[in-house]
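Chains, contacts and geometry: an overview
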Amino acid sequence: MTAQGLIDLTLGDVINLAPGESVNADDYAYCLSRLNLLIASLNAQVLPIHQITKRVGLLTDGSYGYLMGPGMTWNFARPMKIKTAVSSYALHNEPVRIVTAEEFAAIAADRSATSYWVKALTYNNGYPTGLVYVWPTPNVLTPGLSSLEMDVYDELATLATLATAIVLPPGYERMLANMLGPEVASTFGKPITEAMMALATDAKSSVFGLNQAIHGHPAGPQAAPPAQQ
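Attention here is on the structure that accompanies the text. Please read these numbers as outputs of a predicted model, since none were measured by experiment.

When you go through the chain residue by residue, the secondary structure sums to 5 helices and 10 strands. The dimensions of the chain, computed from C-alpha atoms along their principal axes, are 70 × 35 × 25 Å. Here the chain, with 229 residues, has 41% of them falling under the buried criterion. Across the chain, every contact between residues at least 6 apart in sequence was considered, and the portion connecting residues at least 24 apart equals 73%. For the chain, the accessible area works out to roughly 11,500 Å², and carbon and sulfur atoms hold 58% of it.

As structure tokens, then:
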């Protein structure tokens, strides 16, 4: 879905814009600005909206810990959580288990193990940088040949244009559409009804539950895996 698609969902299903009622470029620009303000407000209230993004981190020979964040080893935004991962070496992919720090400590007790493909990882999403530990330690003969390909949950930030693509987990599209309704209804000459406000209120209260479903448990500090020998 694009940002415009989400706005269209709001206009059609929430404020009930009738077929044939015009939406011009200025209307869309206003809706996009209100949508960005809504996302920023939720993030400020520690109720982030998640999107699913693909990330690729290069694995290096003998290194089992990788920092991610601006200017770090993996130079991209720190994700909230890693959803799935595969280890790629010489165009061959193997699935990677994503485990807790405690499970990883048991799995990775033997730090002498090496492999072309990673079999398990654990992720600490500390701020401002995230940290990924992998096992076995990568055995990379040729730099750039081995990578970790991940689907991650990122915090949704500003939508630059109407054409900006967003991939949201189940439930988030409808939630955002319901919350955007009261923000833009008056622009189209529509009343802000009690039913519309109820939808928006219910949508906001569902953000916490949707985020908990993604994380699986309340976020908390993770124990560090054993130090490299």
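One pass over the full model with this rule turns up 7 aromatic pairs. Centroid distance Y64 to Y133: 5.8 Å. Interplanar angle 35°. Geometry classified as tilted. Here Y133 lies in strand β8 (residues 130-135) and Y64 lies in the loop between β1 (50-58) and β2 (65-68), a separation of 69 residues in the sequence. Y64 gets classed as buried once you look at its relative accessible area, which sits at 6%. By way of ring pairs, the aromatic residues Y64, F104 and Y133 are connected into one cluster.

Our next topic: the side chain of S88. With respect to the element layout, S88 can be found in strand β3 (residues 81-89). Accessibility expressed as a relative area gives 9% for S88, which makes it buried. Here N93 takes part through its side chain, which lies 3.0 Å from a polar atom of the side chain of S88. Apart from the residues lying within four places of it in its own chain, the contact partners of S88 are N93, W117, L145, S146, S147 and E149.

A word on the sheet that holds strand β7 (residues 120-124). Within a sheet, each strand pairs with its neighbour through backbone hydrogen bonds, oriented either parallel or antiparallel. On the basis of which strands lie adjacent, the open sheet formed by 4 strands has the order β2-β8-β7-β5 and mixed pairing. A strand with exactly one partner marks an edge of an open sheet, and here the two such strands are β2 and β5 (97-98). The pairing of β5 with β7 spans 2 bridges and is parallel. Each bridged residue has a counterpart across the sheet, and for I98 the counterpart in β7 is L121.

Counting 36 residues, the largest nonpolar core has I7, L11, I49, L156, L159, M175 and L176 as the members making the most contacts within it. Of all the secondary-structure elements, those providing two or more residues to this core are α1 (3-14), α2 (25-44), α4 (172-184) and α5 (194-215). Sequence-distant contacts of L156, that is, excluding residues within four places in its chain, are made with I39, N43, I49, Q51, I166, L168 and L176.

Before going further, it helps to examine the packing of α4 against α5. The axes of two packed helices give the description: the angle between them and the distance between them. At a minimum axis separation of 8 Å, α4 and α5 run at an interaxial angle of 150°. Handedness of the α4/α5 crossing: left-handed. Residue-level contacts link Y172, M175, N178, M179, G181 and P182 of α4 to M196, M197, L199, A200, A203, K204, S206, V207, L210, N211 and I214 of α5. Among the residues making up the contact of α4 with α5, the classes are represented as 12 nonpolar, 4 polar and 1 charged.

The first and last C-alpha atoms of α2 sit 29 Å apart over 20 residues, in line with the 28 Å expected at 1.5 Å per residue. Buried residues along α2 sit against α1, α4 and α5. Its side-chain oxygen 3.0 Å from the backbone nitrogen of D26, N24 forms the N-cap of α2. Phi for V46, located one or two positions after α2, is positive at around 55°.

The rules we used
Residues numbered from 1 in each chain as written. Predicted model: local features only at pLDDT ≥ 70, side-chain atom pairs only at ≥ 80, totals over all residues. Heavy atoms only, no water. Helix = DSSP H or I, 4+ residues; strand = E, 2+ residues; numbered from the N terminus. Buried < 20%, exposed > 50% of the residue type's maximum accessible area, 1.4 Å probe, protein only. Contact = heavy atoms within 4.5 Å. Areas by Shrake-Rupley, 256 points an atom, 1.4 Å probe, with all protein chains shown as cover. Phe/Tyr/Trp six-rings, centres within 6.5 Å; stacked < 30°, edge-to-face > 60°. Polar contact = N/O pair within 3.5 Å; in protein donor to acceptor, adjacent residues only side chain to side chain. Pairing = 2+ DSSP bridges. Core = buried A, V, L, I, M, F, W, Y, C linked by side-chain atoms within 4.5 Å. Axes fitted to C-alpha atoms, helices over the stretch in contact; angles between N-to-C directions. Left-handed = near helix turned anticlockwise from the far one by under 90°. Nonpolar A, V, L, I, M, F, W, Y, C, P; charged D, E, K, R; others polar. Expected span 1.5 Å × (residues − 1).

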